[in-house]
Amino acid sequence: MSRVLVPLAQGVEAMEAVIALDGLRRAGWEVIGAGLRPGVVKASRGVQLVPDADWDSLNVEDFDALVIPGGSEGVDNLKADQRVLAAVRSLFQKGKLLGAICAGPLVLQAAGVLDGRKATCHPAVADQLISADYVNEPVVVDGHLITSRGPGTSFLFVLAIIEKIAGAAKALEVRQGLEL
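Rules behind the numbers
Residues numbered from 1 in each chain as written. Predicted model: local features only at pLDDT ≥ 70, side-chain atom pairs only at ≥ 80, totals over all residues. Heavy atoms only, no water. Pairing = 2+ DSSP bridges. Helix = DSSP H or I, 4+ residues; strand = E, 2+ residues; numbered from the N terminus. Contact = heavy atoms within 4.5 Å. Axes fitted to C-alpha atoms, helices over the stretch in contact; angles between N-to-C directions. Salt bridge = Lys/Arg side-chain N within 4 Å of Asp/Glu carboxyl O. Buried < 20%, exposed > 50% of the residue type's maximum accessible area, 1.4 Å probe, protein only.

Chemist: Kindly report on the sheet that holds strand β6 (residues 65-68), identifying the contributing residues and their values.
Modeler: Pairing in this open sheet of seven strands is mixed, and the strands run β5-β2-β1-β6-β7-β11-β10 from one edge to the other. Each edge of the open sheet carries a strand with a single partner, namely β5 (53-54) and β10 (139-142). Packed onto the sheet, helix α5 (residues 154-166) meets β6, β7 (97-101), β10 and β11 (145-148) and runs at close to 175° relative to β7.

Chemist: Describe the pattern of salt bridges, naming the residues involved and giving the relevant values.
Modeler: Throughout the structure, instances matching the rule amount to ten salt bridges. Between Arg3 and Glu30 there is a salt bridge; the shortest N-O distance is 2.7 Å. Here the residue Arg3 occupies a position in strand β1 (residues 3-8), and Glu30 occupies one in strand β2 (residues 30-35), the gap between them amounting to 27 residues. By relative accessible area, Arg3 is classed as partly exposed at 21%. The partner of Asp52 in a salt bridge is Arg25, with the nearest N and O atoms 2.7 Å apart. Of this pair, Asp52 sits in the loop between β4 (48-49) and β5 while Arg25 sits in helix α1 (residues 14-25); the two residues are 27 residues apart in sequence, bridging distant segments of the chain. Looking at Arg25, the relative accessible area reads 37%, which means it is partly exposed. Ionic contacts of the salt-bridge type, sharing partners, join the residues Asp56, Asp81 and Arg83 into one network.

Written out as structure tokens, the structure reads:
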């Protein structure tokens, strides 16, 4: 069973976070939403999310994947957190899957793992994505990096992650259950 870590920072895009948490759990995986600080996380549009765990209570090395949701303020908070950047670098070096959606690829860029890679992001921040080869597609897979554009592509993003880790049959099974 795969273990996936989803960091939750104040200002996160709720749809992207919840679709990642729920969608990846539908694959039968352990998916942990980790708050960067204790307590409820207030998302970008006021939705309140209760993390499964506090970041500091987890060993990031125990996870098979890290999935970064967007949201402008949330991404700014993730980029400013050295624990998150160190986790991105460590998991990248170990060849573990890294996913980022919306403005989330800017966290991958801040950690220095997008150089020479293909990636996408929300069009509103595409001009800031300077270390990657920007691709105008809903989901872009480059090795063990998966990026996506925004809330409207969240399901495609999750399905791409499932396919990369568990294969096309598992992705199809989850897709059918979602009625996509």
